[in-house]
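# Structural overview
Letter by letter, the chains look like this.
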Amino acid sequence: FGWYGFNCGSTLAMSTAAKGTLAAQVAMNTTLAAATAGLVVLMLRFAMFRKYDIGGMCNGILAGLVSITAGCGNVECGSAVIIGAVGALLFQGASSLLQRLKVDDPVDAFAVHGACGAWGVLAAAFFDWGTGVDYFNGWNGWGCVSNDDG
């Protein structure tokens, strides 16, 4: 199942409507961030090199997946798009920097996992749908989204 088994499976159950809805939210966020990052990298590399770089787009998709993993269950869909887009920009920046510094990273592992992983951890806190910076929602706060009537 890949990333969907990992991210959506992290809900650990689908026995209630709330858990099922959370798994759907996680799947939506995972898809949006990955698709956004892949397209952003594809457009960036086309603007830079005047040719389509499908390998770069695939790494962009991975960059989006890595960026959203930490916060996939506690951000809104619009935030997932932003997280994916910023992850794509960070990936491209880190990849270009490593090439300029002549660091041997042929598959852009650091750019994907290091730069985007660090961004994803920060983004999980920045875009959390909690109320303010001193409150976080997280996985167990999914029920907090509903009002007093349920």
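Refer to the structure above for everything that follows.
## Comments concerning the environment of Asp53
Note that Asp53 resides in the loop between α2 (17-49) and α3 (54-69). On a C-alpha basis, the gap between Asp53 and Val41 in space is 8.7 Å, while along the polypeptide they are 12 residues apart. In contact with Asp53, not counting residues within four places along its chain, are Leu42 and Arg45. Within the structure, the side chain of Asp53 is placed 2.7 Å from the side chain of Arg45, a separation counted as a polar contact.

## Some thoughts on the nonpolar core
Formed by Ala37, Val40, Val41, Ala63, Val66, Ala88, Phe91, Ala94, Ala111, Val112, Ala115 and Cys116, the largest nonpolar core amounts to 12 residues. Elements with a contribution of two residues or more to this core: α2, α3, α4 (77-100) and α5 (109-126). A total of four residues in this core trace back to one element, the largest contributor, which is α5. For Ala111, the contacting residues outside a window of four places in its chain are Phe91, Ala94, Ser95, Leu98, Asp105 and Cys116.

## Some details on the packing of helix α1 (residues 2-9) against α3
Between α1 and α3, whose axes approach to 11 Å, the crossing angle comes to 10°. Here α3 runs roughly parallel to α1, going by the angle between their axes. Together, Trp3, Phe6 and Asn7 of α1 and Leu62, Leu65, Val66, Ile68 and Thr69 of α3 make up the contact between the two elements. Split into classes, the residues belonging to the contact of α1 with α3 amount to six nonpolar, two polar and no charged.

Each value, and the rule that gives it
- Residues numbered from 1 in each chain as written.
- Predicted model: local features only at pLDDT ≥ 70, side-chain atom pairs only at ≥ 80, totals over all residues.
- Heavy atoms only, no water.
- Helix = DSSP H or I, 4+ residues; strand = E, 2+ residues; numbered from the N terminus.
- Contact = heavy atoms within 4.5 Å.
- Polar contact = N/O pair within 3.5 Å; in protein donor to acceptor, adjacent residues only side chain to side chain.
- Core = buried A, V, L, I, M, F, W, Y, C linked by side-chain atoms within 4.5 Å.
- Buried < 20%, exposed > 50% of the residue type's maximum accessible area, 1.4 Å probe, protein only.
- Axes fitted to C-alpha atoms, helices over the stretch in contact; angles between N-to-C directions.
- Parallel < 35°, antiparallel > 145°, perpendicular 65-115°, else oblique.
- Nonpolar A, V, L, I, M, F, W, Y, C, P; charged D, E, K, R; others polar.

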